[in-house]
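What follows is each chain in one-letter form.
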Amino acid sequence: MGIPIDVDLVRRDLAQIVSYASVGGSEAESAVQRWCAATMQGLGLDVDLWPFDLDALRADPDYPGEEVEREEAWGCVGTSGDGTPRLILNGHVDVVPPGEHEWWTGHDPWYLHESGGRWYGRGVCDMKGGVVAILAAVRAVGHQLERPFAVHTVIGEEDGGLGTFGTLKRGHTGEACLIAEPTAGQIVSANAGSLTFRLEVRGKATHGSMAGYGISAVDLYEHVRMALRDLDARRNANPPAPFEDRPWPISVGRVQAGDWPSTVPDLLVAEGRFGTMPGETFAEATAAFEAAIAAVDEPWFREHPVEVTWPGGRFAAGSLPSGHPFGDETVAAAIEAGFDRPTLVGAPYGSDLRQYAGAGVPTLQLGPGVIDQAHAVDESVPIDEVVRCAEAYAHLLLTRCG
């Protein structure tokens, strides 16, 4: 059966939440949580809005890391009643920087633009569209439910998962969790993990006219780059189900070298993402990476080894236990909402799924949009997918809590 979703209210909510430039570490990242708290209170939920004890969280041995500076951070949870929630609906409200505003159609990534059946703006896909779909589902059926549910809005997902980490440490848990990340009409039941690496390749500087007497860090890096390519191929050769092609890639995102055009560069710094596999500890993953770098056959490296460090966020892999009934319940809710019969798939990126799974909460992802729109200029999401996801969440709430 169809569940009426008020599209005008969804549009209003999305326009408001997009207007918060909630880049990780910004004041807006905290302000948008206050908006979420007020909105959930308006829906009749009991709201816990609290400041994180950042020193305590950062001292915890399981701290997931951060890649931005934060002086404050807030948690926000809305619950419908007493007892352990039968279902958690999770969405992160932090976004990545939009890049140059001039590259955006309309030039303002913080203003919701509608065109051709799509909504445009920073975060509409990743994942404020999913957040407002959650709110729409609660608005549609929340008053009909007898058993408790919870909504977790979290910060810091983009740079490690601080928000969900702090929320779980607060004691907010449940019997199952659905995260509204974009999934292109499928249901994500497993995530690969990832680590951020930093490589320092040191050479020997000299004047550019005497290049033969120097050792270029750029030339040395070519050996390292080939080693990373070979390691990537070996690790992704035979991925297990439900993962498909190249689920834990190695990607170099930034390379910096040299400080003067006519000087042979004596330092190159490369930073990137190292995909980790389910069942692989961080210690095992970093050891495999560092062994591959140490094995590079270049005589210079015997006395001047490449330095490897691991800054930033740590995303472990995670998955729904095989055969868990929450998978069938979520598939059924998606079909009721008009999705073609979705399948359970593995995703190559890290998310907060692994944190809930690690806390013993069976967790899946289903949300509007496709991952290649996330972080993109002119980021967009189909309006009908946001509405369809809201219906799916409403059906799942009725199934588990009605």
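The text that follows walks through the structure, step by step, so that each part is easy to find. (Residues numbered from 1 in each chain as written. Predicted model: local features only at pLDDT ≥ 70, side-chain atom pairs only at ≥ 80, totals over all residues. Heavy atoms only, no water.)

Description of the packing of helix α6 (residues 217-235) against helix α7 (residues 282-294)
Taken N-terminus to C-terminus, the directions of α6 and α7 make an angle of 140°; their axes are 9 Å apart at the nearest point. The pairing of α6 with α7 is recorded here as oblique in orientation. In terms of crossing hand, the pair formed by α6 and α7 is right-handed. Together, V224, A227, L228, L231, R234 and R235 of α6 and A288, F289, A292 and I293 of α7 make up the contact between the two elements. Counted by class, the contact of α6 with α7 contains eight nonpolar, no polar and two charged residues. (Axes fitted to C-alpha atoms, helices over the stretch in contact; angles between N-to-C directions. Helix = DSSP H or I, 4+ residues; strand = E, 2+ residues; numbered from the N terminus. Parallel < 35°, antiparallel > 145°, perpendicular 65-115°, else oblique. Left-handed = near helix turned anticlockwise from the far one by under 90°. Contact = heavy atoms within 4.5 Å. Nonpolar A, V, L, I, M, F, W, Y, C, P; charged D, E, K, R; others polar.)

Quick notes on helix α5 (residues 162-169)
Side chains of residues three or four places apart in an α-helix project in the same direction, reflecting 3.6 residues per turn. In terms of burial, α5 is a largely internal element, seven of the eight residues being buried. Looking at α5, one finds that the buried residues are L162, G163, T164, F165, G166, T167 and L168. Along its buried surface, α5 packs onto β1 (46-51), α3 (54-59), β2 (74-79), β3 (87-92), β6 (149-154) and α10 (353-358). Remark: G171 follows α5 within two positions and exhibits a positive phi of approximately 105°. (Buried < 20%, exposed > 50% of the residue type's maximum accessible area, 1.4 Å probe, protein only.)

A few points about unusual backbone geometry
Trans is the prevailing form of peptide bonds, just as negative phi is the prevailing case for residues other than glycine. The residue after D126, namely M127, is reached through a cis peptide bond having omega -10°. In this fold, M127 is placed in helix α4 (residues 124-141). With an omega of 5°, the peptide bond running from A241 to P242 counts as cis. The backbone phi angle of H107 is positive, close to 70°, even though this residue is not glycine. Among the structural elements, H107 can be located in the loop between β3 and β4 (113-115). Non-glycine residue H375 carries a positive phi angle of around 70°.

Here we look at the sheet that holds β4
With respect to topology, three strands assemble into an open sheet ordered β4-β5-β17, the strand pairing being antiparallel. Each end of this open sheet is capped by a strand with a single partner; those strands are β4 and β17 (380-382). Strand after strand, the sheet turns through a mean of 25° between neighbouring axes, direction not considered. Relative to β17, strand β5 (residues 118-120) is paired through three bridges, and the arrangement is antiparallel. The residue of β17 that forms the bridge with Y120 is S380. (Pairing = 2+ DSSP bridges.)

Here's the deal with the pattern of salt bridges
As enumerated under the stated definition, the model contains 23 salt bridges in all. Among the salt bridges present, the one from E29 reaches R70, with a minimum N-O distance of 2.9 Å. You can see E29 sitting in helix α2 (residues 27-42) and its partner R70 sitting in the loop between α3 and β2, a full 41 residues away along the chain. Considered together, E29 and R70 belong to a single accessibility category, that of buried residues. Ionic pairing is found between R354 and D352, a salt bridge with its closest N-O pair at 3.6 Å. Among the residues examined, R354 registers a relative accessible area of 8% and is labelled buried. If you follow the salt bridges from partner to partner, you end up with E29, R58, E66, R70 and D159 in one network. (Salt bridge = Lys/Arg side-chain N within 4 Å of Asp/Glu carboxyl O.)

Topic: the pairing of β3
Among the six residues in β3, six count as buried, and that is most of the element. As judged from the six bridges shared by β3 and β6, these two strands associate in the parallel manner. Among the inter-strand pairings, G91 is bridged to a residue of β6, identified as T153. Judged from the three bridges that link them, β3 and strand β7 (residues 177-179) form a sheet pairing that is parallel. Bridge pairing links I88 to C177 in β7.

Concerning the nonpolar core
Grouped together as the largest cluster of nonpolar side chains are 76 residues, with contacts concentrated most on I17, Y393 and L397. With 12 residues, α4 is the single largest residue contributor to this core. Core analysis: the next-biggest nonpolar cluster, separate from the first, contains 24 residues, L195, L199, F274 and I293 among them. (Core = buried A, V, L, I, M, F, W, Y, C linked by side-chain atoms within 4.5 Å.)

Structural notes on the side chain of D159
Tracing the backbone through its elements, the reader meets D159 in the loop between β6 and α5. Among the residues examined, D159 registers a relative accessible area of 6% and is labelled buried. Apart from residues no more than four positions distant in its own chain, D159 is found in contact with G65, E66, E67, V68, R70, G313 and F315.

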